[in-house]
Amino acid sequence: MNEKKPYRLYAMTVGQAQMEEAAKRRFHRLTPGYILVYDQEEGPEQAVEIDREQLCRLTEMDKAWLMDCARILISHALEQRQEERALRLEELVAKLETELQVEAAKGRRKEGAGCED
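Residues numbered from 1 in each chain as written. Predicted model: local features only at pLDDT ≥ 70, side-chain atom pairs only at ≥ 80, totals over all residues. Heavy atoms only, no water.

(A) Spotlight on a positive patch on the surface. A cluster of like positive charges, contributed by Lys4, Arg81, Arg85 and Arg88, occupies part of the molecular surface. Note on placement: Arg85 falls in helix H2 (residues 60-114). Judged by relative accessible area, which is 44%, Arg85 ranks as partly exposed. (Patch = residues over 30% accessible without salt bridge, like charges linked within 9 Å, V, L, I, M, F, W, Y side chains within 5 Å. Areas by Shrake-Rupley, 256 points an atom, 1.4 Å probe, with all protein chains shown as cover. Salt bridge = Lys/Arg side-chain N within 4 Å of Asp/Glu carboxyl O. Lys, Arg positive; Asp, Glu negative; His and termini not counted. Charge placed at Lys NZ, Arg CZ, Asp CG, Glu CD. Helix = DSSP H or I, 4+ residues; strand = E, 2+ residues; numbered from the N terminus. Buried < 20%, exposed > 50% of the residue type's maximum accessible area, 1.4 Å probe, protein only.)

So this is what it looks like as structure tokens:
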């Protein structure tokens with residue numbers, strides 16, 4: 001099974017190069033004083049990783065943004081799993097249909113064999 005990297009939160013100062021780098025990332029938040037990036041990849045060169053102990057330093061808006069990121073990721077994962085389940089169910093139904101057809105054919109052969117005079 002392909003194991004996915006965990007998402008990590010990074011912070012960096014505001015500058016043109018940093019804003020351009022953040023814009024390349026799926027989840028980023030630009031504020032007048034700092035930039036946050038939430039990503040699976042290594043953080044931008046000028047970024048500092050925010051660990052659990054430092055989460056208390058986030059503003060309420062930062063926390064709300066981070067929760068929105070998590071909600072999007074969870075929704076996406078649920079959608080993927082739903083699609084996978086639907087495909088597995090279709091495969092199961094097709095296999096069951098094939099097996100029922102085989103069993104029905106066996107039953108018809110048995111009935112035909114017993115009808116000989």
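There's plenty left to go through after this.
(B) Looking closely at the pattern of salt bridges. This structure, assessed with the given rule, holds 9 salt bridges. Glu21 is the salt-bridge partner of Arg25, the closest N and O atoms lying 3.0 Å from each other. Owing to a relative accessible area of 12%, Arg25 belongs among the buried residues under this scheme. A relative accessible area of 22% places Glu21 in the partly exposed class. Residues joined in a network through salt bridges with shared partners are Glu21, Lys24, Arg25 and Asp39.

Nothing here speaks to function; it is geometry throughout.
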